[in-house]
Amino acid sequence: MEREAVDMFREMILAGFTMDQFTLGSVLTACGSLLALGEGKQIHAYVIRTDHKDNVFVGSALVDMYSKCKSIKSAEIVFERMTQKNVVSWTAMLVGYGQNGFSEEAR
């Protein structure tokens, strides 16, 4: 299912659809589940180009995706640059630390 979500996202881009926070959050979750770091980075670039980078929902999904893909430094960078944080973004960062063996940082 996750692969289909990423493929459908590509088809939507090619068809000229405008993505919203829900579409981006869903496809980033799929990338994290697939450990598809390269595709996740491409979507991150799309997020920046389309000015979704300040959306807390998208930012939290990026933190989660990078954490699941074992790129905790990238997750930290996204987290630190988020202009708004909520309980979901904080939890994503905490879980990311735990999943990647950095339990001390989660304190």
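Up top you'll find the structure we're talking about.
Within helix H5 (residues 72-81), burial applies to Ile72, Ala75, Glu76, Val78 and Phe79. Each buried residue of H5 lies within a common arc of 165° when the element is viewed along its axis, so the set occupies one face. Within H5, the exposed residues directed more than 90 degrees away from the buried face are Lys73, Glu80 and Arg81. Where H5 is buried, its residues touch helix H3 (37-49), helix H4 (56-68) and helix H6 (87-99).

It is worth spelling out the nonpolar core at this point. Leu24, Ile43, Leu62 and Val63 are the most contacted members of the largest nonpolar core, which has 28 residues in total. Taken together, the elements giving at least two residues each to this core come down to helix H1 (2-14), helix H2 (21-34), H3, H4, H5 and H6. The element that contributes the greatest number of residues to this core is H4, accounting for 7 residues. With near-sequence residues (within four places) excluded, Ile43 lies in contact with Phe9, Leu24, Val27, Leu28 and Cys31.

Negative phi is the rule for most residues except glycine; trans is the rule for most peptide bonds. The backbone phi angle of Leu35 is positive, close to 55°, even though this residue is not glycine. Among the residues examined, Leu35 registers a relative accessible area of 56% and is labelled exposed. In the Ramachandran plot, Asp51 falls in the positive-phi region, its phi being about 60° despite a non-glycine side chain. Residue Asp51 is classed as exposed on the basis of its relative accessible area, which comes to 55%.

Taken as a whole, this structure holds 3 aromatic pairs when the rule is applied. Both rings, one in Phe22 and one in Phe57, keep their centres 5.7 Å apart while their planes meet at 55°; by these two values the pair is tilted. On the criterion of sequence distance, the pair formed by Phe22 in helix H2 and Phe57 in helix H4 is long-range, its members being 35 residues apart. Judged by relative accessible area, Phe57 falls into the partly exposed class, the value being 39%. Each ring, one from Phe79 and one from Trp90, has its centre 4.9 Å from the other, and the planes form 80°; the classification is edge-to-face.

Basis of the calculations
Residues numbered from 1 in each chain as written. Predicted model: local features only at pLDDT ≥ 70, side-chain atom pairs only at ≥ 80, totals over all residues. Heavy atoms only, no water. Buried < 20%, exposed > 50% of the residue type's maximum accessible area, 1.4 Å probe, protein only. Helix = DSSP H or I, 4+ residues; strand = E, 2+ residues; numbered from the N terminus. Arc of directions from axis to C-beta. Contact = heavy atoms within 4.5 Å. Core = buried A, V, L, I, M, F, W, Y, C linked by side-chain atoms within 4.5 Å. Phe/Tyr/Trp six-rings, centres within 6.5 Å; stacked < 30°, edge-to-face > 60°.

Purely geometric stuff here, so don't read any function into it on its own.
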